[in-house]
Amino acid sequence: MTNTWYKPEALPDHQPGWALLREFNALHNTDPQRARELLSEIFPSSEVPEIWAPLHLEYGANTHFGPGCFMNFNCTILDIADVTIGAGTLFGPGCQLITVEHPLDPDDRAAGWERAKPITIGENCWFGAGAMVMPGVRIGDRCVVAAGAVVTKDLPADSLAAGVPAVVKRNTTKHEN
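Worth saying up front: this structure is predicted, and the values here are computed from it rather than measured.

### Some thoughts on the packing of aromatic side chains
To describe a pair of aromatic rings, you give the distance between the ring centres and the angle between the ring planes.
Item 1. Following the criterion strictly, the structure yields four aromatic pairs and no others.
Item 2. Judged by centre distance (5.1 Å) and plane angle (90°), the ring pair of Trp52 and Phe70 falls under edge-to-face. In this pair, Trp52 sits in the loop between strand S1 (50-51) and strand S2 (55-57) while Phe70 sits in strand S4 (residues 70-71), placing the two residues 18 residues apart along the sequence.
Item 3. The exposure class assigned to Trp52 is partly exposed, which follows from its relative accessible area of 34%.
Item 4. Centroid distance Trp52 to Phe73: 5.2 Å. Interplanar angle 55°. Geometry classified as tilted.

Below you can see the structure in the form of structure tokens.
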């Protein structure tokens, strides 16, 4: 379904993943071993990230974490298209990774059309609380995305981005006094 307009009824069934997600969230972060087992089923083709519930998720099977990733409380991943997250990437509470978008034309939107575009996040990135990444965005390695930022365009490696929409404020490898 990547980058092609479709109607949601053409998508696979959500129920198998949602049943696992419901069980994961019901643990309330009290059983790390069982949480890890569930996360390995929720993200079958991925390293198992550390995630603090609740997690909100479309499928899981389309999300791929590198080793050493962490997601804090209340994150959302709408992974109709692939979401690829590099090793060592960290997410603050309430972050959102959204691959799906709807048409601007009101008639097409009312008819139920949507499309999904993949999100790719590099290694060792850090997302502040409430940061959002929108469909089709690529984020380079070692980026920092400020709390509340909405990333609508690609970010080069070693960038600090902030704002709505997010803009690069500076390079993170240059030290300022």
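On we go.
### Quick notes on helix H2 (residues 32-42)
Item 1. Turning to H2, its buried residues are Ala35, Leu38, Leu39 and Ile42. Within H2, the buried residues cover an arc of 100° as seen down the axis, which keeps them to one side.
Item 2. Close packing links the buried residues of H2 with helix H1 (15-26), S1 and S2.

### Overview of the pattern of salt bridges
Item 1. Throughout the structure, instances matching the rule amount to six salt bridges.
Item 2. For Arg34, the salt bridge is made with Glu23, and the minimal N-O distance between the two is 2.8 Å. One end of the pair, Arg34, is in helix H2; the other, Glu23, is in helix H1, and eleven residues separate them in sequence.
Item 3. Looking at Arg34, the relative accessible area reads 24%, which means it is partly exposed.
Item 4. The partner of Lys117 in a salt bridge is Glu101, and the shortest N-O contact between them spans 3.3 Å. You can see Lys117 sitting in the loop between strand S10 (115-116) and strand S11 (119-121) and its partner Glu101 sitting in strand S9 (residues 100-101), a full 16 residues away along the chain.
Item 5. Several salt bridges converge on common partners, so that one network encompasses Glu23, Arg34 and Glu37.

Rules behind the numbers
Residues numbered from 1 in each chain as written. Predicted model: local features only at pLDDT ≥ 70, side-chain atom pairs only at ≥ 80, totals over all residues. Heavy atoms only, no water. Phe/Tyr/Trp six-rings, centres within 6.5 Å; stacked < 30°, edge-to-face > 60°. Helix = DSSP H or I, 4+ residues; strand = E, 2+ residues; numbered from the N terminus. Buried < 20%, exposed > 50% of the residue type's maximum accessible area, 1.4 Å probe, protein only. Arc of directions from axis to C-beta. Contact = heavy atoms within 4.5 Å. Salt bridge = Lys/Arg side-chain N within 4 Å of Asp/Glu carboxyl O.

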